Amino acid sequence: MTEYVKTTCPYCGVGCGIEAGVDEIKHLLNIRGDKTHPANFGRLCSKGSALGDTVGLKGRLLHPEVYGQRSSWPEALDRVAESFSDTIARYGADAVAIYASGQLLTEDYYVANKLMKGFIGSANIDTNSRLCMSSSVSGHKRAFGADTVPGCYEDLELAEMIVLVGSNAAWCHPVIFQRIRAAKTANPQLKIVVIDPRRTGSCDIADLHLPIAGGSDAMLFNGLLQYLQQRHAIDRRYIETHTEGFAAALNAAAASSQSIEQVAEACRLPAGDVRTFYRWFAGHHKVMSLYSQGVNQSSSGTDKVNSIINCHLATGRIGKPGMGPFSLTGQPNAMGGREVGGLANQLAAHMDFSNPADIDRVERFWGSPTIAGKPGLSAVELFDAIYDGKVKAVWIMGTNPVVSLPNADKVRQALRQCPFVVVSDCIADTDTAKLAHVLLPAQGWSEKDGTVTNSERRISRQRTLFAPAGDAKPDWWIITQVARRLGFGQAFPYQSPVEIFREHAALSGFENDSRHGLRDFDISALADISAHEYDNLQPIQWPVNQANPYGRARMFDDSRFFNAAGKAQFVAITPRPPSNAPNKDYPLVLNTGRLRDQWHTMTRTGLAARLNQHKPEVFVDVHPLDAARHGLLPDSLALLESAWGSMLARVQVTSDQQPGSLFVPMHWSEQFASRGRMGALVNPAIDPVSRQPESKHTPVRISSYQAAWHGFVLSRRELAFNDVEYWAKSKGESFYRYELAGNTLPPSWPDWARARLGGSGQIPDWQEYHDSGLGHYRAARIIDNRLESVLVISPHHNLPERNWLASLFDKDFLEQSDRKALLTGMPPQGVPDCGNIVCVCFNVGEKTIRSAIQEQGLKTVRDIGNCLKAGTNCGSCLPEIKALL
Ligand SMILES: Nc1nc2c(c(=O)[nH]1)N[C@H]1C(S)=C(S)[C@@H](COP(=O)(O)OP(=O)(O)OC[C@H]3O[C@@H](n4cnc5c(=O)[nH]c(N)nc54)[C@H](O)[C@@H]3O)O[C@H]1N2
Ligand SMILES: Nc1nc2c(c(=O)[nH]1)N[C@H]1C(S)=C(S)[C@@H](COP(=O)(O)OP(=O)(O)OC[C@H]3O[C@@H](n4cnc5c(=O)[nH]c(N)nc54)[C@H](O)[C@@H]3O)O[C@H]1N2
Ligand code: SF4
Ligand SMILES: [Mo]
């Protein structure tokens, strides 16, 4: 009998509840959605469903390492504490830093922040949330006086209009998207508008797509504010009673554009579409504006956020069912990190360095000897300070900055130069872990235990499913041990996560009242939670206090805001263009973002074969006009260069892209491709308020990458091609796939192939075909009648399809016909080739769907589901199935 344990998905900020059936002995998980969890009511997406494939021991960091040698925990912890205290003694507290992450649980995060700010006495702790949520945090604070997300997911079902701004929810918040899709099916009147420079999967259910010029959102929403005023669609009473600054915001909007035509020109949109959007927004009362990285990751990200919030304040559409601005959080615990003050400019429990009373309050609560008195360095500035030698010891926890920070080659150089680098991670080989002096094995999802908070302020439990891998320890434990060695034992007595949670809850309620000033984040009703209650904690939305013992779905339903006047603030916005405009040398704009089935730097999703079928290789999306202009053929390789760095990627020509703009996925690290690390190119400009980098807008140029040869290898065993100029690796169910290209031809392909694939190189275990004149070479190695590996080399990039060859790895015995066809790469007559996998849940390929559509006259997504099952589980592939129809 399998025991099902309730836990929370460790990927996106939707925060879906999971029931995990645990087979301890076989180390297997059976994953299903938790029907009682209010975030997902049983739904899951492709990534959540495949979690069971990511919990193996392969690739895990199992033991501490000090300078490349396996060590014991005491030895490694002593080393970290000694280096940190030496550095502090010689150069001061600001010479050390922590760079943390929204992958951490709230309890981990709380302890890290307490150690750095309260006891080491420097605020040099920042997190990857700086790259993610900090513009939303700043925008919320400016408008509401606190970092508050007003609404909840239930509003999705109550809305009359949903605007997705800079959010590809179909791929990045799939369960929210499923809820919107279901709401639209139930109520076809529901209007959906997508504002995104690209046509994305989210446009699948959109009534209107505005392919806005990158960076111009504030212009569009300033125009909307004026329109609402001119059409008398504003709520005068609400503005007068509950807000301040409307006139100034309106004046600034009027100064930025005078007409819809002007807005349309600035945003490069058809004026008619802008008018339609404005008319719909004015005409529907229950409007939700969901926004994500297309808004936040900008050098004017905070202004973009406030330009959206301004329109909601002007119409009084906030804090009520079915309406409001709604910032979608990225990581599983992006929100929890904000609660504990993970950013360098925050204190704990939504308190702030800008208020001396807050600093004093936290100092007294912690009994801290040396609390930091001012904000520390933000992520980009922190790594600059490491580069400049000002920060001399850094501890990186749960993030991979050599891939994900802008100007990532400089980040790598900074870490190379840094005298002392500690990395806590679950995975042994990451681009960042490679540069660590001390590596600390952290427990990952399925092992660790604690809480996370999702986009709608809902706190849920992640629970332990398995015993830890090797010597892995929870992050809170590791930090606590170092804190004790630094002499702060009294303040770090923790033996279990619940003790930390209680303290965190108590701090949230400490002097949180009208006399001292009310703070939004208050979970003081949980301050006395028992271990048993904590174990059984049900998902609950903060605040959880005397007034809201069962949590609270919507904030601001009482129209009380958290600044001194208790009124929401309009912010006067003067739109600014992105920091770096395209120019003669770098004429195109590089946009970056996410894919449906990958998570960030692929340390976990890269392990699950079924998540690597959808997009097996790093690519760049190019509009047909740009492809023609720059001589790029579909499926060829391109070199992308910016003022900061370069990368290689496979060309995908698509009119989903606007001319002048390129898109690359953010996911590939040097563990998965030789030169696919997009962070190397990305512009390090930051927003002056939120200090969030402009990850979606880098001037670049693109050119065809002329390789002397192209090829691929499919192999049962993992191989290495590190000496080849271009390689990209992905995992299949029973094989690894390598895409290859090189500048130099080896003296002999047969020798090269034998050296790479191994074996005797003799018939019958070896088949080969060589046309040395034309530069074609193919080989296959067979062991005991099973395909071991197959290699194809050509002077051109047009190579045979990989899918049928890949299917041969599932066979225990190769038929004669298979053997014959092997070197052609084409299935023998009568054997279907399924094409690229579209539905990963049921392994249904594009060609199968196409032929079923033709042969059986299928007309709807439902027909295809009935016939092939494709799209009937998580639904993540529905946009693509629709596109095939
Ligand atoms: N599958 C998957 N899901 C994820 C993640 C993942 O790695 N994989 N990561 C999670 C995390 S941490 C985050 S932060 C979220 C991010 O979720 P999203 O923000 O939805 O994802 P992105 O793809 O980064 O960016 C969204 C869109 O912004 C558009 N965009 C670019 N510039 C502009 C602009 O100037 N204006 C507008 N309006 N749009 C623009 C891009 O074209 C892109 O389609 O996803 C979370 N969910
Ligand atoms: N150009 C560009 N750059 C971007 C973005 C973009 O859209 N474009 N998006 C940005 C955004 S929004 C984000 S959130 C970042 C994400 O970027 P990163 O944070 O660098 O990406 P991850 O791959 O999630 O890194 C998490 C690391 O923590 C490890 N890990 C997982 N769980 C745990 C744990 O419990 N404890 C510890 N100690 N380690 C753990 C994983 O193995 C992995 O190595 O990238 C940012 N960078
Ligand atoms: S939408 Fe998918 S990735 Fe996000 S929490 Fe739910 S199952 Fe996990
Ligand atoms: Mo993020």
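Rules used in this analysis
- Residues numbered from 1 in each chain as written.
- Chains lettered and ligands numbered in written order.
- Predicted model: local features only at pLDDT ≥ 70, side-chain atom pairs only at ≥ 80, totals over all residues.
- Heavy atoms only, no water.
- Helix = DSSP H or I, 4+ residues; strand = E, 2+ residues; numbered from the N terminus.
- Buried < 20%, exposed > 50% of the residue type's maximum accessible area, 1.4 Å probe, protein only.
- Lys, Arg positive; Asp, Glu negative; His and termini not counted.
- Salt bridge = Lys/Arg side-chain N within 4 Å of Asp/Glu carboxyl O.
- Polar contact = N/O pair within 3.5 Å; in protein donor to acceptor, adjacent residues only side chain to side chain.
- Contact = heavy atoms within 4.5 Å.
- Domains from an automatic or database assignment.
- Buried area = accessible area lost by both parts, 1.4 Å probe.
- Nonpolar A, V, L, I, M, F, W, Y, C, P; charged D, E, K, R; others polar.
- Near = heavy atom within 4 Å.
- Areas by Shrake-Rupley, 256 points an atom, 1.4 Å probe, with all protein chains shown as cover.
- Pairing = 2+ DSSP bridges.
- Axes fitted to C-alpha atoms, helices over the stretch in contact; angles between N-to-C directions.
- Phe/Tyr/Trp six-rings, centres within 6.5 Å; stacked < 30°, edge-to-face > 60°.
- Lys NZ or Arg CZ within 6 Å of the ring centre and 35° of its normal.

**Here's the deal with the side chain of Asp-520**
Okay, so step 1: As for its position among the elements, Asp-520 is in the loop between helix H21 (497-509) and helix H22 (531-535).
Okay, so step 2: Among buried charged residues, Asp-520 stands out as having no salt bridge; its nearest opposite-charge side chain is Arg-519, 6.9 Å away.
Okay, so step 3: Within the structure, Asp-520 has its side chain in polar contact with the side chain of Thr-148 (distance 2.7 Å).
Okay, so step 4: Within polar-contact distance, the side chain of Asp-520 engages the side chain of His-350 at 2.8 Å.
Okay, so step 5: What Asp-520 contacts, discounting residues up to four positions off in sequence, is Ala-146, Asp-147, Thr-148, His-350, Trp-542, Pro-543, Met-555 and Phe-562.

**Observations concerning the domain arrangement of the chain**
By a widespread convention, an interface's size corresponds to the accessible area lost as its parts come together.
Okay, so step 1: Its domain assignment divides the chain into domain 1 (79-129 + 334-442 + 458-541), domain 2 (133-330), domain 3 (588-704), domain 4 (709-822) and domain 5 (837-884).
Okay, so step 2: The straight-line distance from the C-alpha centre of domain 2 to that of domain 5 is 33 Å.
Okay, so step 3: In this complex, domain 2 contributes 6 residues to the contact, which on the side of domain 5 involves 6 residues.
Okay, so step 4: Carbon and sulfur atoms make up 46% of the surface buried where domain 2 meets domain 5, a total of about 520 Å² over both sides.
Okay, so step 5: Where domain 2 touches domain 5, the interface holds 1 salt bridge.
Okay, so step 6: Considering every element that reaches the side of domain 2 that touches domain 5, the biggest residue donor is helix H7 (residues 174-186), with 3 residues.
Okay, so step 7: For the side of domain 2 that touches domain 5, the class distribution of residues is 2 nonpolar, 2 polar and 2 charged.

**A word on the environment of Val-421**
Okay, so step 1: Here Val-421 lies in strand S15 (residues 420-425).
Okay, so step 2: For Val-421 and Lys-731, which are 310 residues apart along the polypeptide, the C-alpha to C-alpha distance reads 30 Å.
Okay, so step 3: Residues in contact with Val-421, not counting those within four places in the same chain, are Val-394, Ile-396, Leu-415, Leu-435, Ala-436, His-437 and Val-438.

**Thoughts on the site of ligand 1**
Okay, so step 1: Surveying the vicinity of ligand 1 reveals 34 residues, the closest of which are Asp-196, Gly-215, Asp-217, Arg-594 and Gln-598.
Okay, so step 2: About the coverage of ligand 1: the protein hides 99% of its 910 Å² of free accessible area.
Okay, so step 3: Residue assignment for the shell around ligand 1 shows that the elements contributing at least two residues are helix H6 (169-172), helix H13 (293-296) and strand S21 (588-593).
Okay, so step 4: Looking at the shell around ligand 1 residue by residue, the classes come out as 9 nonpolar, 17 polar and 8 charged.
Okay, so step 5: In this structure, the shell around ligand 1 is formed jointly by two domains, domain 2 (133-330) and domain 3 (588-704), each of which donates at least three residues.

**Section: the sheet that holds strand S32 (residues 786-794)**
Okay, so step 1: Taken in spatial order, the 6 strands of this open sheet run S28-S29-S27-S32-S31-S30, and their pairing is antiparallel. Strands at the two margins of the open sheet, each flanked by one partner only, are strand S28 (726-731) and strand S30 (766-771). For this sheet, the mean angle separating the axes of adjacent strands, direction not counted, is 10°.
Okay, so step 2: Direction of pairing for S30 relative to strand S31 (residues 776-783): antiparallel, over a ladder of 6 bridges. Looking at the pairing, Asp-771 lines up with His-776 of S31.
Okay, so step 3: Contacting strand S27 (709-715), strand S29 (736-742), S30, S31 and S32, helix H24 (residues 749-757) crosses the sheet at an angle of about 150° to S30.

**So, the packing of aromatic side chains**
Think of a pair of aromatic rings as described by two things: how far the centres are apart, and how the planes are tilted against each other in angle.
Okay, so step 1: Going through the model one piece at a time under the given rule, you end up with 28 aromatic pairs.
Okay, so step 2: For the pair Phe-492 and Tyr-494, a centre-to-centre distance of 6.1 Å together with 80° between the ring planes defines the contact as edge-to-face. Tyr-494 matches Phe-492 in its accessibility class, with the two residues each being buried.
Okay, so step 3: One aromatic cluster is present, built from ring pairs that chain together Phe-221, Tyr-227, Phe-277, Tyr-278 and Phe-281.
Okay, so step 4: Its guanidinium or amino end placed over the ring of Phe-492, Lys-114 lies 5.1 Å from that ring's centre, counting from NZ or CZ.
Okay, so step 5: Note that Lys-473 overlies the ring of Trp-477, its terminal NZ or CZ placed 4.8 Å from the centroid.

**Notes on the sheet that holds strand S8 (residues 161-165)**
Neighbouring strands of a sheet are bound in pairs by backbone hydrogen bonds; such pairs are parallel or else antiparallel.
Okay, so step 1: The parallel open sheet is built from 5 strands, whose spatial order is S10-S9-S8-S12-S13. With one partner strand each, in any of the chains shown, strand S10 (208-210) and strand S13 (324-327) form the two edges of the open sheet. For this sheet, the mean angle separating the axes of adjacent strands, direction not counted, is 15°.
Okay, so step 2: Of the strand pairs in this sheet, strand S12 (residues 287-291) and S13 are connected by 4 bridges, and their pairing is parallel. Across the sheet, Ser-289 pairs through a bridge with Pro-325, a residue of S13.
Okay, so step 3: Along the sheet face, helix H12 (residues 271-283) touches S8, strand S9 (191-195), S10 and S12 and points at about 120° away from the line of S10.

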